[in-house]
Amino acid sequence: VSQRIFIVGLFHETHTFVDGKTSLADFKIRRGEEMLACAGDASPLGGVLEYVKEQEWEVSLGIDYRATPSGTVDDEVVEAWWSEFKSAWQPDCDAIYLVLHGAMVAETIRDVDGELLARIRKLIGGDVPIFGVYDLHANFSFAMAANSDCLVAYRENPHSDAREAAVRAAELLTRCLSKSTRPKMFLRQTRIILPPTGIGTASDPMRSLEATARRLEGGEMWTVNIAGGFAFADTLDTGLSFQVVSSGSVESAEEVFDELEQLAEDLKEYGRGQDEALEDVMLQLREPADGLTLLVEPADNIGGGAPGDCTGCLRAIIEHQIKNAA
Ligand SMILES: [Zn+2]
């Protein structure tokens, strides 16, 4: 049976502690056919577009808004996206597939992803499955869980598997449509907020959490997601959380959550991400090294929405008269 899938995207990681706002003009907006430009690239949108093509599903392309990580988003952006969604929505679609980030914050709408999922659910009714993919840095909210059927997180940080995660979510949509089984999304938020340097998946706690999630998946447990969270966002949902997509009972999801939460509590100190003091680092830099030495100040990471204009490291380099520095 041919299926008709409505595909939309909204992608922003919002750093609420920096000055400056993110406006509509900062977003790259693709409408309808323009979204096809992403097919074949490594992005999650590219992944799902290729998957639906292979499945010979009919695709209805909505809108895709994305911006690089930056400060709090103007409410206007949320309303513009929603207004375009409503005009683009095709009520004869069998499912919606969303490419999300999961940590977007607007001036008055602090949980943008959850708010828009709630509006979508209200608009389309309960019969149409809502599937999608989101970033491991999501600050996952209860509104997101309550208003979707199956959202799948990346499993790797740095994100080398965004496209793969999108395809995995699309495969689960196939399972849902072909077997007419609707899973549910369950959420457990922890009391742990880890710094961005503490949620790499090559180290604990994320390494063990992801490994445990893989072990607990299967059967009625469609997928188990670990969202590391994005600490540079002042919201009620900020922090480490777990999501289970399951066609089983609440109790079985709770068991998974209990195991993951205990493990997170046991390992959280490894995620504290304590960096060496700048003064100590400078002493090491005085010794000439072979090749290139990179000095990175992770709190001012432009990939995480910071402006990249801190001069602390530069000042130290000058004070310590480190030669050959650029
Ligand atoms: Zn991310």
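Residues numbered from 1 in each chain as written. Predicted model: local features only at pLDDT ≥ 70, side-chain atom pairs only at ≥ 80, totals over all residues. Heavy atoms only, no water.

Undergrad: How would you explain the sheet that holds strand β9 (residues 241-246) if you had to name every residue and give the values?
TA: The strand order β7-β9-β8 describes an open sheet built from 3 strands, whose pairing is antiparallel. Two strands lie at the open edges of the sheet, namely β7 (184-189) and β8 (221-227), each paired on one side alone. The sheet shows a mean angle of 15 degrees between the axes of neighbouring strands, taken without regard to direction. As paired elements, β7 and β9 share 6 bridges and run antiparallel to each other. (Pairing = 2+ DSSP bridges. Helix = DSSP H or I, 4+ residues; strand = E, 2+ residues; numbered from the N terminus. Axes fitted to C-alpha atoms, helices over the stretch in contact; angles between N-to-C directions.)

Undergrad: So what's going on with the sheet that holds strand β4 (residues 95-100)? Residues and values would help.
TA: With mixed pairing, 6 strands are arranged side by side in an open sheet as β2-β3-β1-β4-β5-β6. Since the sheet does not close on itself, it has two edges, and those belong to β2 (28-31) and β6 (150-153), each with one partner. Direction aside, neighbouring strands of the sheet carry axes that sit 15 degrees apart on average. Relative to strand β3 (residues 58-66), strand β1 (residues 4-11) is paired through 7 bridges, and the arrangement is parallel. Bridging across to β3, L10 finds its partner in Y65. Contacts from helix α2 (residues 75-88) reach β1, β2, β3 and β4 within the one sheet, and its direction differs from that of β3 by about 170 degrees. (Contact = heavy atoms within 4.5 Å.)

Undergrad: Go over the coordination of the zinc ion with me, naming the residues and quoting the values.
TA: Taken together, D135 (OD), D135 (OD), H137 (ND1) and H159 (NE2) make up the full set of protein donors to the zinc ion, lying 2.0 to 2.6 Å away. Around the zinc ion sit 4 donor atoms; with metal-centred angles ranging over 55 to 147 degrees, the donor geometry is irregular. Written as a sequence motif, the donor arrangement for the zinc ion is D-x1-H-x21-H. Residue H137 is located in the loop between β5 (130-134) and α4 (142-146), and its partner H159 is located in the loop between β6 and α5 (162-179); the two are separated by 22 residues in the primary sequence. H137 gets classed as buried once you look at its relative accessible area, which sits at 11%. (Donors = N, O, S within 2.8 Å, 3.2 Å for Na, K, Ca; no water. Tetrahedral: all angles 85-135°; square planar, octahedral: opposite > 155°, others 65-115°. Buried < 20%, exposed > 50% of the residue type's maximum accessible area, 1.4 Å probe, protein only.)

Undergrad: Tell me about a nonpolar patch on the surface, residues and numbers included.
TA: Side chains of L292, L294 and V296 sit close together on the surface and give an oily, nonpolar patch of about 400 Å² of accessible area. Along the chain, V296 falls in the loop between α8 (278-285) and α9 (312-319). On the accessibility criterion, V296 (61% relative accessible area) is exposed. (Patch = residues over 30% accessible without salt bridge, like charges linked within 9 Å, V, L, I, M, F, W, Y side chains within 5 Å. Areas by Shrake-Rupley, 256 points an atom, 1.4 Å probe, with all protein chains shown as cover. Salt bridge = Lys/Arg side-chain N within 4 Å of Asp/Glu carboxyl O.)

Undergrad: Just give me the short version of the environment of L36, but keep the residues and values in it.
TA: Turning to its location among the elements, L36 is positioned in the loop between β2 and α1 (44-55). Once the C-alpha coordinates of L36 and L49 are considered, the two residues, 13 residues apart in sequence, prove to be 7.3 Å apart. Those residues within four positions of L36 in sequence are excluded, and the remaining contacts are L49 and L61.

Undergrad: How would you sum up the pattern of salt bridges? Please name residues and give values.
TA: Where charged atoms from two side chains of opposite charge approach closely, those side chains can pair. Evaluated as defined, the whole model comprises 19 salt bridges. Residue R31 is joined to E84 by a salt bridge in which the shortest nitrogen-to-oxygen separation is 2.7 Å. Placement of R31 in strand β2 and of E84 in helix α2 is noted, with a sequence separation of 53 residues between them. Judged by relative accessible area, E84 falls into the buried class, the value being 18%. Across the pair E254 and R188 runs a salt bridge, and its minimum N-O distance is 2.6 Å. Highlighted residues: E254 in helix α7 (residues 250-267) and R188 in strand β7, separated in sequence by 66 residues.

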